[in-house]
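Inside the fold
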Amino acid sequence: MQNKGAVRLFTILLALVCLYQLSFTLITKNVESNAKDFAKGDSLKEFRYLDSMKNESVYPLLVKNYTYQECKEREINLGLDLKGGMNVTLEIAQADIVKALSNYSTDANFNKALESATLKERNSQLNFVTLFGNEYKAIAPNDRLAAIFSTVELQSKITYKSTNDEVLKVVSDEVNGAVDQSYNIIKTRIDKFGVTQPNVQKLQNGRILVELPGVKEKERVRKLLQGTARLEFWPTYSFGDVVKNLIEVNKTLKAINDRDSLLGKGVDSLKLDSTGVASVDTAAKTDSTGNALLSKIDKAAKDTTKGDSTKTMSMEESIKEYPLFTFLLPADFQVKTADDQKFVYGTPILGYCATKDTAKVNEIFRMPEVKSVMPSDIKLLWTVKPSPMFKDNRLELIAIKVESRDGRPPLDGAAVSDAYQDMGQFNNSPEISMRMNEEGAAKWARLTAANIKKSVAIVLDDYVYSFPTVQNEITGGNSSITGSFTINEAKDLANILKAGKLPAPARIVEESVVGPTLGEAAVQSGLLSFIIALILVLVFMVFYYSNAGWVADLAMIANVFFVFGVLASLGAVLTLPGIAGIVLTIALSVDANVLIYERIREELALGKGLRLAISDGYKHAYSSIIDSNVTTFLIGIILYIFGTGPIQGFATTLCIGILTSLFCAIFITRMIFEWRLAKNKSIKFATKMTEGAFKHINIDWVKNRKLYYIFSSLVVIAGIVSIFARGFDLGVDFAGGRTYKVEFNKTVKVEDVRATLTSVLGSAPEVKSLENDHTLKITTKYLIDSKDIDADNQVEAKLMSGLNIKRDQIVSSQKVGPTVADDIKNSAWQAILFSIFVIFLYILARFRRWTFSMGAVVALFHDVLVLMAAFSLLWGIMPFSLEIDQAFVAAVLTVMAYSVTDTVVVFDRIREYLNTHKKGDMKSVINEALNATLSRTINTSLTIFFVLFAIFVFGGETIKGFSFALLIGIVVGTYSSICIATPIVYDFAGKDKELRQ
């Protein structure tokens, strides 16, 4: 081997770099072990210990003394499935950005095009601006967008002479800039959140990926990420200003109810459960101020809140007589004295409503008949938290006064220059203190001066946080937001305000939450499968190849060390599928060694000396090794491009592992053999039991090809029939929805859980049993289309109340919105088809005959169809999940990679035999080539099968379906490379000379 010195130097340097990078992980694990010993099971003490160590030097080196925090940032980055945490994909509402760029144009065609583009965005790969441009052109082909977008803000970029294409280019640039701004704002928020090793990435189509390892507070994260931070300061109406209007609203609704009753509709249009004012005296009369009516409602409300079961009328009668006040308890229900009444009539609170009834009250105030009797400049908003006066979660409805023509607030968040969490002077409760810039301070002074003895509402993202009464004009630009905040809530709100306002709402379209307990279990099962697989391979190599097997084992161990070292160096994320990828690279490393060793054994059988046999064995094996690994590497790159999250982790480790295994199999083993030859030490490539294996085999593969075609056709046809008849067990990745893994305290029946949740959610969820009888996987589409930022919490609340479980019993969850599900499906097909196309081109380039490419592609389609057939035929039969999700797509692509690897090795031997046996019959030559390579095919397949079987048995529930797909794929891929790909080449070859070079 030439350049032995350079190879030796590179190996030493690579080992030192890997050791340096991995040392940080060892240091952090040592510190964390000390923390556990110190805390003795107390999680709070453990947290405080680690927090105190953040800036302490724990790793002194010559170049620098590293603190615990710095070591933590350099350790191996574990994925959420191994560490626990939260993975969120946010989608920026690009339609809102376009609307804002138009200065909220009321043009009918513009808004129709926006609405149509929003609907089509779900099933399209085009970006939103392109979709909008296409829709606008279809709706108004002769209209000019310049008339809509030539606003004050865009006047330097768009004129009335600008063409539609020019306008769309500017709008696209502005939208991209807004998405970039959103990314930076979200990244700033996350940086201030205090999570170790967060990952924030920009994706396509205005999406942002956020990974937060170790996070447990899901609701806090959702608020932090989805809050646009649209801060507004508003003057308010008082209850006394609007009380007559509220009475008129009730009268109007009563008249509508009476009319609808005559039409046979009854009161069902406004009927809800009995959480409102259910007891009202029908004899109540109303004076000019409405006080008599309100006092009666007040008395009834007091009775209701005290739990008085005596009702003077039924719920249905109450809704019919008092359709508004049944659900909105008027603010003066608390009146006791005249002074109190004066105070209450001055409050901006119009009433109190149970949280679950706010949608109905919103619906009432949106009715045209109701709008006509309310002030035209009123805006009604709910408080962010329930009133402390009630035990049944009632929100306060606040009356905002809109004084500007454009509907904008007199002061907004742009005025805030700084915000921080503070403690109140009087009640010592957490609050948010704000400082305003010069312009904001002047506006704040004018606003407070104009509203002395009145309330000013502080509104964030259309929720009222506080509405203090102004006592005097406030100068200097200092203000605060008070409320019943926890310290964390106040910190997060200050963080959001300081980071800035998002240019458009951000909505969670995909979410995955893994509990820390599940993460620990995944680590244990992943490591167990890894260790068992490694032991199996090590034992097999020594059993089959004698002391040469020890050399291969040493190279494999070095390969694993290098993979982990490179992962740590690149800051790549190690996931559970990533561990599977590492295990698979072990098998690929075996494949390279098997190719080399089988070639050396052939050379020895020809009577060559050991040194020459080793040299020629390596030389003849290079072509097959390079071809097989390049095709697998290409598949890995495609997986990385089209996959997300754990799939990218699998692709990353696979690609790194291919490179390191090539280096170890080719250079390190050769270097060891050279050293042993120089020392005249014995090298054996077989044991007594395996020395004569696979010799004198003479199977007529080509002759039996019709039997293979018939067998494969029957399997594929059965699969296609099953696919059309039964379909697949689609996971949320492809179907959309929410999935929860729930652990119960006792054994539960799937049917009972399904029935219970059907009544709670309104439709039947999918419920599956997992590892045992008290762990279930629940999938539902309830509220999956909702744009409410609190929808995720609402679904979890329904789940917990319906099943009577606690939040910590939901050990993991996943959410995929419909748009993301469609994108995943499209990406999956693109990845598979693109992979087949790339492989076709590569084999065509390497073998220079289209028949080889045809054989490989047909074999790949065969393998994919058989794998899909198996998952369609067997789901519901096998005792584990066979969902079609992103992991399945990764399995399909991996099977394709293995299949083409095997096929390329077979083709390489066929090409070699055809070129060295130019006068032989092509059929006989192909059979001879296949029989010659059978030892390599069987040995590699068996080794990989053992590895995957270990992953399947010990790798845990999370990747059981993934490893099962790979197990099937290995068997099918081995079969197709010999029994499908090669016969196809033979049948399409025509004359013998078309395959010979």
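Presented here is a report on the structure given in the accompanying data block. (Residues numbered from 1 in each chain as written. Predicted model: local features only at pLDDT ≥ 70, side-chain atom pairs only at ≥ 80, totals over all residues. Heavy atoms only, no water.)

**What to know about the packing of helix 6 (residues 108-120) against helix 7 (residues 128-139)**
Where helix 6 contacts helix 7, the two axes come as close as 8 Å, and the packing angle between them is 130°. Here helix 6 lies oblique to helix 7, going by the angle between them. Between helix 6 and helix 7 lies a crossing of right-handed hand. Touching Asn 109, Phe 110, Lys 112, Ala 113, Leu 114, Ser 116, Ala 117, Thr 118 and Lys 120 of helix 6 are Phe 128, Leu 131, Phe 132, Glu 135, Tyr 136 and Ile 139, all from helix 7. Tallied by class, the residues present in the contact of helix 6 with helix 7 amount to 9 nonpolar, 3 polar and 3 charged. (Axes fitted to C-alpha atoms, helices over the stretch in contact; angles between N-to-C directions. Helix = DSSP H or I, 4+ residues; strand = E, 2+ residues; numbered from the N terminus. Parallel < 35°, antiparallel > 145°, perpendicular 65-115°, else oblique. Left-handed = near helix turned anticlockwise from the far one by under 90°. Contact = heavy atoms within 4.5 Å. Nonpolar A, V, L, I, M, F, W, Y, C, P; charged D, E, K, R; others polar.)

**Considering the packing of helix 23 (residues 705-725) against helix 31 (residues 960-989)**
Between helix 23 and helix 31, the shortest axis-to-axis distance is 10 Å and the interhelical angle comes to 120°. By the angle between their axes, helix 23 is oblique relative to helix 31. When the axes of helix 23 and helix 31 are compared, the crossing they make is left-handed. Here Arg 705, Tyr 708, Tyr 709, Phe 711 and Ser 712 of helix 23 lie close against helix 31, whose contacting residues are Tyr 975, Cys 979, Ile 980, Pro 983, Ile 984, Tyr 986 and Asp 987. Looking at the contact of helix 23 with helix 31 residue by residue, the class counts come to 9 nonpolar, 1 polar and 2 charged.

**Structural notes on helix 15 (residues 358-366)**
Residues spaced three or four apart along an α-helix point in a common direction, a consequence of the helix completing one turn every 3.6 residues. Among the residues of helix 15, Thr 358, Lys 360, Val 361, Ile 364 and Phe 365 are the ones counted as buried. The buried residues of helix 15 occupy an angular sector of 160° when projected down its axis, which confines them to one face. In helix 15, the exposed positions that point more than 90 degrees away from the buried face belong to Ala 359 and Arg 366. (Buried < 20%, exposed > 50% of the residue type's maximum accessible area, 1.4 Å probe, protein only. Arc of directions from axis to C-beta.)

**Re unusual backbone geometry**
The residue Lys 453 is not glycine, and still its phi comes out positive at about 70°. Position of Lys 453 relative to the elements: it lies in the loop between helix 17 (438-449) and strand 15 (456-460). Notably, Asn 680 is not glycine yet its phi reads approximately 60°, a positive angle. Tracing the backbone through its elements, the reader meets Asn 680 in the loop between helix 22 (646-678) and helix 23.

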